[in-house]
Amino acid sequence: MAKQCKLEPVSGGGEFDAPQAIDLPDGRPLILGRSPLTGIVDKKLSRNHLEATADYMSETVNVKQLGPNPAWCHGNELQKESRVKLTNGEKLQLLVGKYEYAIHFLSNQASAGNDRGTVKKSNDLTVKKSESPGLAKDSHSSKKRTLDDDGDDDDEGKAERKAISLAGNFQPAQKKSKTEREGDENGNPVDEIDQKLAALQRKAKEAKEKQAAKEGSASHHHRERRDAGGSGSGDGSASAKDAPAAESGKPSTEEEWKEEGKLLVFKSVGVKAGSKIVGFDMDGTLITTASGKVFPQNADDWRIIYPEVPGRLKKLHSEGYKIVIFTNQLGISRGKMTVKEFKRKLGNVQRKMGVPLQAFAATSGGMYRKPAMGMWNYLKSKGNDGITIDMKASLYVGDAAGRPADWAPKKKKDFSCSDRLFALNIGLPFKTPEEFFMGQKPAKFNMPAFDPRTVSTSTPLLSPPNTVLPAAVQEVILLVGFPASGKSTFVKNHLLKHKYFHVNRDTMGTWQKCVSACTSALNKGQSVVVDNTNADPESRKRYVECAQKAKVQCRCFTFNTSFDHARHNEKFRELTPSGKNHAPISDMVFYSFKKNFVPPKKEEGFSEVVQVNFVPAFANNDEERLYKTFLLEK
């Protein structure tokens, strides 16, 4: 049976309306570009933009990029002279994000009687032109919509198609214009037919805008009723009847990137501010590596993680949700990916998903890196056009959920808990991608051992509480505890004002210099506080011997700050003004103390062992709120 190959224009593929499907002959190259054949007058599309050659035997189309501005398919941009092979049902955009066509091979029998609304493929499956191949139809729709239902056959739509199709009947004037002689920005000639096409499309666009305004007015009341009285989505957000009517802003008209220090901010065309937000992590939630490796090998090593993802995002968009990505991208600051490469990757991801979205990427540590709330706070204060976010109607989805090994058969443990903690910090319901996209039941998970919300400001500082401070006699006080456990603050607030001599390895350099300084101060009759970690008996013995030689008492003050609590303190210090005067402490230092720590005992030569509880003090309410959020990823 004889075959045909057609390029079918896809509804919504870049706000153009091609006059007809394009026939691709068997084995003969066809040039696609700016022409009456495509109905496109965009100057970024050169006349000789792509070469498409159909192979009826294998049902494939070989595409070669000719023009300077890239086309797009398979999740990637096509650069000049690059080639790609497309199969039945796959899609091609002549420009990135614009002018989308689907490949369809048909038998002559199957093609008979086709119209612009449907394409009957060779396997006898009927596919609506407005639906993407491979995506299941919306479960809420049990009937196929007619052309009128889709809005494709309104009067203005007919007028636009008629106007554009007439363009093929225009004959260019014999005398060429100055613009035609000199060419456009890409060096391609511009003739009268382009001008006439442009005029026709302007008129058609005006007609569509007029019709859209009428429809918008008529449907506004319906949307308000739906948002006020609709049922819950089942996604963890509250039902619409429990929330005020959704607010939204104007859709953006151009793609936008901003760099705010260690934060990249992206807005795609069509995204608009809104009161209903569904936030997503990116890697491991919306996409995964195409290579199968844990970490992407380059900016092109990705694929959509589940087939259900694009359809679910489109459904959210149609229901009035603003889709926002919050992603940690530490690899940028570490040189594993450039900002330019990441921008290209995210742009390709957005186009593959097929929905407008906003994205925030934390390129380093600090206030923007999840689970810290910096990205969310930026969205609220600067990234949502002043519209208040309805927290009851919003949701966050991420894969870093604190799930242990084998949370599902043969599944590794989650690399961190940062997404779950991010949602907890900002106050949104949380779901994993398996729960949200696949409908799986919630899996077990582990919360961090340290919960900053439980830290009290009213706990007694010392135990026993009747500990004398300062002592009435000359002495050595030896401090023991993790870095960032509060030792230096304790010295500053309780000992320096009583003339204790401060011995600290951070300022003196070596333990030998610390011991020498301690001995010298004792010989002068001063009391001494040794502000080092002093994890083991060997390091503590040096100062006990100093006290014994000077014939003074030696007390040990050990700080009851756990490993994770101390790391939290360090992270908090990095995010507040006090951190400007401190060198960052790496996790290696904390692990070293933990490995070597031996709890001090009175038998080591101490006259007393005192426990010091961590009692935070804050400069203002904002600092206290920050302190009582989860700042550690795991």
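Everything below is about the structure printed above this text.
Residues numbered from 1 in each chain as written. Predicted model: local features only at pLDDT ≥ 70, side-chain atom pairs only at ≥ 80, totals over all residues. Heavy atoms only, no water.

*Asks:* Where do I start with the packing of aromatic side chains in this structure?
*Replies:* Two measures describe an aromatic ring pair: the distance that separates the ring centres and the angle between the ring planes. The tally for this structure, following the rule as stated, stands at 23 aromatic pairs. Taking 5.8 Å as the distance between ring centres and 65 degrees as the angle between the ring planes, the aromatic pair formed by F360 and Y378 counts as edge-to-face. In this pair, F360 is assigned in strand β19 (residues 358-362) and Y378 in helix α9 (residues 374-382), connecting sequence segments 18 residues apart. The exposure class of F360 is buried, given its relative accessible area of 0%. With relative accessibility at 6%, the residue Y378 sits in the buried group. On the numbers, 6.3 Å between centres and 10 degrees between planes, the contact of F614 with Y627 is stacked. Of this pair, F614 sits in the loop between β27 (608-612) and α18 (621-627) while Y627 sits in helix α18, placing them 13 residues apart in sequence. Clustering of aromatic rings is evident, with ring pairs tying together F326, F360, W376, Y378, Y396, F422 and F430. Sitting over the face of the ring of F436, R312 holds its NZ or CZ atom 4.2 Å from the ring centroid. One Lys or Arg, R542, reaches over the ring of W511 and ends 3.9 Å from the middle of that ring. (Phe/Tyr/Trp six-rings, centres within 6.5 Å; stacked < 30°, edge-to-face > 60°. Helix = DSSP H or I, 4+ residues; strand = E, 2+ residues; numbered from the N terminus. Buried < 20%, exposed > 50% of the residue type's maximum accessible area, 1.4 Å probe, protein only. Lys NZ or Arg CZ within 6 Å of the ring centre and 35° of its normal.)

*Asks:* Explanation requested: the pairing of strand β5 (residues 60-65) in the structure shown.
*Replies:* Regular strands place side chains that alternate from one sheet face to the opposite one. In terms of burial, β5 is a largely internal element, five of the six residues being buried. Sheet topology places strand β4 (residues 50-55) next to β5; six bridges connect them, and they run antiparallel. Bridge assignment links E51 to a residue of β5, and that residue is K64. Note that β5 and strand β8 (residues 83-87) share five bridges and pair antiparallel. Note on β8: the bridge partner recorded for V63 is V84. (Pairing = 2+ DSSP bridges.)

*Asks:* What should I look at first to understand the side chain of Q65 in this one?
*Replies:* Relative to the helices and strands, Q65 resides in strand β5. At a separation of 3.0 Å, a polar atom in the side chain of Q65 contacts the main-chain carbonyl oxygen of G67. In this structure Q65 touches H49, L50, P70, A71, L78, Q79, K80, E81 and S82, once residues within four positions along its chain are discounted. (Polar contact = N/O pair within 3.5 Å; in protein donor to acceptor, adjacent residues only side chain to side chain. Contact = heavy atoms within 4.5 Å.)

*Asks:* Even after reading the chapter, I still don't get the sheet that holds strand β22 (residues 462-463), so can you show me in this structure?
*Replies:* The strands making up a sheet are joined through hydrogen bonds of the backbone, oriented either antiparallel or parallel. Spatial ordering of the open sheet is given by β22-β27-β26-β23-β25-β24, a layout of six strands whose pairing is mixed. Every interior strand has two partners, whereas the edge strands, β22 and β24 (501-503), have only one. Where strand β23 (residues 475-480) and strand β25 (residues 528-530) come together, three bridges link them in parallel fashion. Bridge pairing links L478 to V530 in β25.

Geometric values such as these leave the question of function open.
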